[in-house]
Amino acid sequence: MSSEPPEAEWAAPEGSWASSAARRRNMQAIRSRDTKPEWLIRRLVHAKGLRYRVSARPLPDLRRTADLVFRPAKVAVFIDGCYWHGCPEHYVPPRTNSGYWSEKVVRNVTRDRDTDQRLLEAGWLVLRFWEHESSVTCADKITEMVRKRRNVSASC
């Protein structure tokens, strides 16, 4: 027997965005790191001999993390989810609580652009990929750019 109250008696906790207990469980189960697209790309990049930090802050004073961070080369990689980051090909506006979720996606996109700008100003290369892109293509691009940046900094 479940210790949770039936759906009809459920009340959202103070400040909660959840429209139901089931929706709250669903949203809490969504991973913010170690997603399948991230894992596949990391595995391919590692197989190419590159080493990196996972879910790390590229800049210590910037409270945002990149999915892969190559500190010496100053390359930050983000693998963005189509829904959460407003993919132009796959984003579908939500049917329930649409005001909240649409605004959340807009805030995410705004934060992404701000993160890109701050990293660029600090001399970082920002690589962003959508979760639907080919893992092999992403890994090849990451490898190419990291090696290129390492060669440039080694020759200086």
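What comes next concerns the included structure. This structure is a prediction, so every number in the text was calculated from the model and none was measured.

**As for unusual backbone geometry**
Positive phi outside glycine occurs at Ser55, with the angle close to 50°. Mapped onto the fold, Ser55 is located in strand S1 (residues 53–56). The residue Lys74 is not glycine, and still its phi comes out positive at about 55°. Position of Lys74 among the secondary structure elements: in the loop between strand S2 (66–70) and strand S3 (75–80). Lys74 gets classed as partly exposed once you look at its relative accessible area, which sits at 33%.

**Observations concerning the sheet that holds S3**
Pairing is mixed in the open sheet, where 4 strands are placed in the order S1-S2-S3-S4. Unpaired on one side and paired on the other, S1 and strand S4 (125–130) mark the two borders of the sheet. Adjacent strand axes in the sheet meet at a mean angle of 30°, parallel and antiparallel pairs treated alike. Across 3 bridges, S2 lies against S3 in antiparallel orientation. Looking at the pairing, Val69 lines up with Ala76 of S3.

What counts and what doesn't
- Here, residues in each chain are numbered from 1, in the same order as that chain's written sequence.
- Only residues with pLDDT of at least 70 are given local features in this predicted model, and only at 80 or more are side-chain atom pairs given and counted; all residues enter the totals for whole chains, interfaces and linings.
- With hydrogens and water stripped out, all remaining heavy atoms of the structure feed into the side-chain values.
- Each helix is a run of H or I in the DSSP string that is no shorter than four residues. Each strand is a run of E no shorter than two, and both are numbered from the N terminus.
- Partly exposed residues are those whose accessible area sits between 20% and 50% of the maximum for their type, while under 20% is buried and over 50% is exposed, using a 1.4 Å probe and protein chains only.
- At least two bridges found by DSSP between two strands are what make those strands a pair.
- Axis definition: a line fitted to C-alpha atoms, over the contacting stretch in the case of helices. Angles run 0 to 180 degrees between N-to-C directions.

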